[in-house]
Amino acid sequence: MTVRERVRSLVDASWFQGGVITLILINAVILGFETSKSVMKVHGDLLTGIDRMILTLFVIELALRIFAHRKDFLRDAWGWFDVIIIGIALMPATGPFAVLRVLRVLRVLRLLSVIPTLRHVVAGLFRALPGMASIMVLVALLLYVSAVMATKLFGDDSPRYFGDLWTSLFTLFQIFTADGWGNIAQEVMKTQPLAWVFFVVFVLVSTLIALNLFIAVAVEALDKAGIEEREAGGGGEPGQSARGPDGDPSGGPDEGQRQILSELRSLREEIAHLRERQTDQSGDRSPV
């Protein structure tokens, strides 16, 4: 086994990945403690030392992954994500770059690249962006049309919320997020009792329909991403199950499904055996 293969087996080991996750969580806790002036006054030097040590371990881990995977690492978007996060952490946090000190908290986002389930969720959300963009255009049209109507209907009686187009857009966006829309509606209804019709229709169309469309698109994208990952894990054509080194299904049928398949094979063998016996008996009874 070459050195590269040994390093690859090391960085791909489950205990190694678990150690990286632990370091990221410890680093996140330290970054939280650094927001407390009283804690930094007493333990500032210790926390800074631990933070630098963890950053050094991150750099070593990243270097090992690059050495182990090389071109595969460069073709992986998550690998570039880790490089950018570590690169930002290595930049000096003094002088004109002092603002970058705040960006150190981005190291916590490395959990997205380390934990497979989180990678799956993020990939699904990226897949959902085209569909979400269409829904956002629909929501923008709904807000604009509703803002024009609300400004003309309620602008004179409630200038605080609907005095002009931009104020109406902000108010309707607040209602869209279900933030105290009842209070706004009640204030307008003091002068226009039938205003509840507008607000109820807007809430039903925007909140209950548009937001559910966002959820539906995201769920569909996550489902498709999961199907593609399972098919890619099969190493063959879509629809084929992944197989282990011995040819047995790996990630395919579970134990119950395998038992059903075994019983079906036994039933087929019994039917074939009965057919053979019936054929033999028919031949024996045939006239000579």
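What counts and what doesn't
- Residue indices begin from 1 for each chain and proceed along its sequence in written order.
- Only residues with pLDDT of 70 or above have their local features reported here, since the model is predicted, and side-chain atom pairs are shown and tallied only from 80 upward, although totals for entire chains, interfaces and linings are computed over all residues.
- In computing side-chain properties, one takes all heavy atoms of the structure into account and sets aside hydrogens as well as water.
- Numbering goes from the N terminus for both helices and strands, where a helix is a DSSP run of H or I of at least four residues and a strand is a run of E of at least two.
- In this scheme, a residue with accessible area under 20% of its type's maximum is buried, one over 50% is exposed, and one in between is partly exposed, where area comes from a 1.4 Å probe on protein chains only.
- Residue contacts follow a heavy-atom distance rule, with two residues in contact if any of their heavy atoms lie within 4.5 Å.
- Here the open area of atoms and residues is found with the Shrake-Rupley method and a 1.4 Å probe, where only the protein chains shown may cover a residue.
- Only buried residues count toward a nonpolar core. Its members are Ala, Val, Leu, Ile, Met, Phe, Trp, Tyr and Cys residues joined through side-chain atoms within 4.5 Å.
- A carboxyl oxygen of Asp or Glu within 4 Å of a side-chain nitrogen of Lys or Arg is what we treat as a salt bridge.
- Axis definition: a line fitted to C-alpha atoms, limited for helices to the stretch in contact. Angles are taken between N-to-C directions and run from 0 to 180 degrees.
- Note on terminology: angles under 35 degrees are roughly parallel, angles over 145 are roughly antiparallel, angles of 65 to 115 are roughly perpendicular, and the others are oblique.
- When the near helix sits turned anticlockwise from the far one by under a right angle, the crossing is termed left-handed; a clockwise turn instead gives a right-handed crossing.
- Under the convention adopted here, Pro, Cys and the residues Ala, Val, Leu, Ile, Met, Phe, Trp and Tyr are nonpolar, Asp, Glu, Lys and Arg are charged, and Gly plus all remaining residues are polar.

Participant: Explain the overall build of the protein here, please?
Facilitator: Within the protein, the secondary structure is distributed over 12 helices and zero strands. Within the protein, the proportion of its 288 residues that are buried is 26%. Contacts spanning at least 24 positions in sequence make up 61% of the contacts within the protein whose residues lie at least 6 apart. A total accessible area of about 19300 Å² is found for the protein, and carbon and sulfur atoms account for 65% of it.

Participant: It is not clear to me how the nonpolar core should be interpreted in this structure. Could you clarify?
Facilitator: If you look at soluble globular proteins, the nonpolar side chains tend to sit buried side by side. If you look at the biggest cluster of nonpolar residues, it comprises 27 residues, and the most contacted ones within it are V139, F154, F162, L172, I175 and F199. When contributions to this core are tallied by element, the ones reaching two or more residues are α7 (116-154), α8 (159-162), α9 (165-176), α10 (181-189) and α11 (195-234). Broken down by element, the residue count for this core peaks at 10 residues, all from α11. In this structure F199 touches F154, F162, I175, W181, I184, A185 and V188, once residues within four positions along its chain are discounted. If you look at the next biggest cluster of nonpolar residues, it comprises 16 residues, including I24, I54, F73 and V114.

Participant: I tried to follow the pattern of salt bridges on my own but got confused; where do I start?
Facilitator: Any two side chains of opposite charge can pair, given that their charged atoms come close. Per the stated rule, a full pass over the model turns up four salt bridges. Between R75 and D72 there is a salt bridge; the shortest N-O distance is 2.6 Å. Exposure remark for D72: the relative accessible area of 41% places this residue in the partly exposed category. Measuring nitrogen to oxygen at the nearest pair gives 3.9 Å for the salt bridge that ties R160 to E187. On the criterion of sequence distance, the pair formed by R160 in helix α8 and E187 in helix α10 is long-range, its members being 27 residues apart. Looking at E187, the relative accessible area reads 30%, which means it is partly exposed.

Participant: Please explain the side chain of N27 as it appears in this structure.
Facilitator: Structurally, N27 is set in helix α2 (residues 14-33). Its relative accessible area of 1% is what places N27 among the buried residues. Contact partners of N27, with chain neighbours within four places excluded, come to D51, I54, F58 and R107.

Participant: Mind showing me how you'd approach unusual backbone geometry here?
Facilitator: Both trends apply: most residues other than glycine have a negative phi, and most peptide bonds are in trans. Unlike most non-glycine residues, R70 shows phi in positive territory, near 50°. Its location among the elements puts R70 in the loop between α3 (37-69) and α4 (71-74).

Participant: Got a minute to help me understand the packing of α2 against α3 in this structure?
Facilitator: Geometrically, a packed helix pair is captured by the angle between its two axes and the distance between the axes. Remark: α2 packs on α3, axes separated minimally by 10 Å, with the N-to-C direction vectors making an angle of 150°. What the angle tells us is that α2 and α3 run roughly antiparallel. Here the hand of the crossing between α2 and α3 comes out left-handed. For the pair formed by α2 and α3, the contact residues are F16, V20, L23, I24, I26, N27, I30, L31 and F33 on the first element and V39, M40, L47, I50, D51, I54, L57, F58 and E61 on the second. Per-class residue counts for the contact of α2 with α3 are 15 nonpolar, one polar and two charged.

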